[in-house]
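Observations on the model geometry
In case you want the letters, here they are:
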Amino acid sequence: MHLHHVDSAPVAPARPDSNGLSLISGFDALYPDIEHWFASKVAPGLSDGSRRLLIERDLDSVRGFAILKKEAHERKICTLWVRPDQRRRGVGQRLIDESIAWLECEKPMLTVPEEAILDFWGLLTRNGFELRQRAVNYYRLGRCEYVFNGRLPGPLDGAIMQ
Ligand SMILES: CC(C)(COP(=O)(O)OP(=O)(O)OC[C@H]1O[C@@H](n2cnc3c(N)ncnc32)[C@H](O)[C@@H]1OP(=O)(O)O)[C@@H](O)C(=O)NCCC(=O)NCCS
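Residues numbered from 1 in each chain as written. Predicted model: local features only at pLDDT ≥ 70, side-chain atom pairs only at ≥ 80, totals over all residues.

Over its 15 residues, helix α2 (residues 34-48) extends 20 Å from the first C-alpha to the last, a length consistent with the 21 Å expected when each residue adds 1.5 Å. By the largest-angle criterion, V42 marks the main kink of α2, which is about 25 degrees, and a proline, P44, follows within four residues. Listing the buried residues of α2 in full gives I34, W37, F38, V42, G45 and L46. The inward-facing, buried residues of α2 abut α1 (20-23), β2 (51-57) and β3 (62-71). Phi turns positive, to about 90 degrees, at G49, one or two residues after α2. (Helix = DSSP H or I, 4+ residues; strand = E, 2+ residues; numbered from the N terminus. Expected span 1.5 Å × (residues − 1). Bend = angle between axes of the 7 residues up to and from the residue. Buried ≥ 20, exposed ≤ 12 C-beta atoms within 10 Å, placed from the backbone. Contact = placed C-beta atoms within 7 Å.)

In this section: the nonpolar core. Counting 31 residues, the largest nonpolar core has L54, A66, L68 and L110 as the members making the most contacts within it. The contact partners of L68, leaving out residues within four places of it in the chain, are R51, R52, L54, I77, C78, S99, W102 and L103. (Core = buried A, V, L, I, M, F, W, Y, C linked by C-beta atoms within 7 Å.)

Right, dumping it as structure tokens:
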């Protein structure tokens, strides 16, 4: 299904001045550095065109979103999230389709925290994403990050979100 199909809410790139930061509030339990990352990397990247925020909305709230990174050396879906009551209806697939189109890359990198791997597994394997790394202690001590279509940089760069 295409994003602009008549019975689906549009997925639109947000403008840099939109309140993207509010989207990731609460994600700090999974990524302790996430607010700093958003302010220092995502916000400037939205301005210079190296990042994009895709948001699927219903009338008054966000159904799901993706944060994308497009640079010469890396194409990445940095964050992908669908509101719990909207899951298993195809929103995640539409966000993946639109991400692949904007990134101009069939297999962008995506990392998944262990808490969410079961949610993601069917969607990612059906889209041909390849599990390439299990990174333990990377963003959080004692926790595993599953890395698809790429590998995270070395342990010295560990806690820095890209
Ligand atoms: C992973 C995630 C994005 C998937 O989103 P989603 O909108 O549920 O994805 P989809 O609906 O496209 O697909 C999910 C499943 O629903 C199924 N599905 C899709 N439409 C359906 C429908 N109309 N009827 C029944 N099943 C359907 C898909 O086949 C898929 O099944 P599978 O997992 O068994 O392969 C979502 O679960 C999520 O946000 N989880 C938490 C993510 C998170 O923590 N993110 C932060 C770190 S990155």
